[in-house]
Amino acid sequence: MSRAFIVGRFQPFHLGHLEVIQEILKDHESVIIGIGSAQYSHTLQNPFTAGERHLMISNTLESRKIFNFYIIPIEDVNSNPLWVAHVESLTPHFSSVYTNNPLVKRLFYEKKYNVKSMELINRVEWSGTRIRDRMIRGENWERDVPETVSEIIREIDGVERLRALSESDDL
Ligand SMILES: Nc1ncnc2c1ncn2[C@@H]1O[C@H](COP(=O)(O)OP(=O)(O)OP(=O)(O)O)[C@@H](O)[C@H]1O
Ligand SMILES: NC(=O)c1ccc[n+]([C@@H]2O[C@H](COP(=O)(O)O)[C@@H](O)[C@H]2O)c1
């Protein structure tokens, strides 16, 4: 048993992310969840702040009685070869990396990490891009995120934020 690392933007944290984390915890004693692009918020691709995403993940996992996780916000850096060292400087030690992102895979592979891909689950529905689109169009998005996440999005008026952003010319 060991510690695993998963990174994503989690804009928002959805049921696919939750399933993947539950799967990872079958093989590892704990999981480090990196909130990528932590400095971004209030854009169409990254509407939620790192703090809001942190709350979505921690409330959801705790509501499912999962406590063996660490959440670390990770800002982007302007040099890809330096990014893995940047991640390492912020996180506890880990041995396996779970990602489907080709750049993330390559950067960790070159640093000799054990890199694993995740099977995409119900991807037609469980995709951040599609969920954000459905929010903007006024379609049903709540069924694709945990209840704890829809509560937070309602509390922060997240759908209204996205719609307002989608009306701006300069994003
Ligand atoms: N439905 C899913 N099943 C399994 N893994 C998923 C699923 N959705 C996302 N992932 C994986 O979780 C990690 C973090 O994903 P990310 O935060 O980019 O979510 P996303 O749904 O792909 O969002 P976006 O559409 O905004 O890029 C990535 O490696 C991604 O491939
Ligand atoms: N140079 C960098 O800062 C760098 C390199 C690779 C990945 N990342 C980040 O890792 C995250 C990967 O998450 P996704 O799989 O959700 O795209 C993103 O936030 C991305 O910006 C950053």
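Everything quoted here is computed from the prediction, not taken from an experiment.

(A) Region of the structure containing the UniProt feature "domain: Cytidyltransferase-like" (unreviewed entry) in the protein chain. The feature "domain: Cytidyltransferase-like" (unreviewed entry), as annotated in UniProt, sits at residues 6–134 in this numbering. Across residues 6–134 one finds 42% helix and 16% strand; the C-alpha atoms that close the span lie 26 Å apart.

(B) Summary view of the site of ligand 2. Close to ligand 2 lie 14 residues; Gly8, Gly36, Ser37, Asp76 and Asn101 are nearest. Those elements that place two or more of their residues in the shell around ligand 2 are β1 (3–8), α3 (80–90) and α4 (102–110). Ranked by residue count, the leading element in the shell around ligand 2 is α4, at three residues. Counted by class, the shell around ligand 2 contains six nonpolar, six polar and two charged residues.

(C) Layout of the nonpolar core. In terms of nonpolar packing, the biggest core is built from 36 residues, with Ala4, Phe5, Ile6, Ile24, Val31 and Met56 touching the most fellow members. In terms of residue count, the dominant contributor to this core is helix α2 (residues 50–63) (five residues). The residues contacting Phe5, other than those within four sequence positions of it, are Ile32, Gly34, Thr91, Phe94 and Val97.

(D) A look at unusual backbone geometry. The omega angle of the peptide bond from Gln11 to Pro12 is 0 degrees, so this bond is cis rather than trans. Structurally, the position occupied by Pro12 is in the loop between β1 and α1 (15–27). Even without a glycine there, the phi angle at Phe10 is positive, about 50 degrees. Take Phe10: it is sitting in the loop between β1 and α1. Here Phe10 falls in the buried class, since 25 other C-beta atoms lie within 10 Å of it. Phi is positive for His42, close to 60 degrees, though the residue is something other than glycine. Mapped onto the fold, His42 is located in the loop between β2 (30–35) and α2.

(E) Fine view of the site of ligand 1. Near ligand 1 there are 19 residues, and of these Gly8, Gly16, Asn100, Gly128 and Thr129 occur at the shortest range. Every element with two or more residues in the shell around ligand 1 is listed here: α1 and α5 (128–137). When residues of the shell around ligand 1 are assigned to their parent elements, the largest contribution, three residues, is made by α1. Grouping the constituent residues of the shell around ligand 1 by class yields six nonpolar, eleven polar and two charged.

Conventions used here
Residues numbered from 1 in each chain as written. Chains lettered and ligands numbered in written order. Predicted model: local features only at pLDDT ≥ 70, side-chain atom pairs only at ≥ 80, totals over all residues. UniProt positions renumbered as here; feature names shortened; annotations may be inferred. Helix = DSSP H or I, 4+ residues; strand = E, 2+ residues; numbered from the N terminus. Near = placed C-beta within 6 Å. Nonpolar A, V, L, I, M, F, W, Y, C, P; charged D, E, K, R; others polar. Core = buried A, V, L, I, M, F, W, Y, C linked by C-beta atoms within 7 Å. Buried ≥ 20, exposed ≤ 12 C-beta atoms within 10 Å, placed from the backbone. Contact = placed C-beta atoms within 7 Å.

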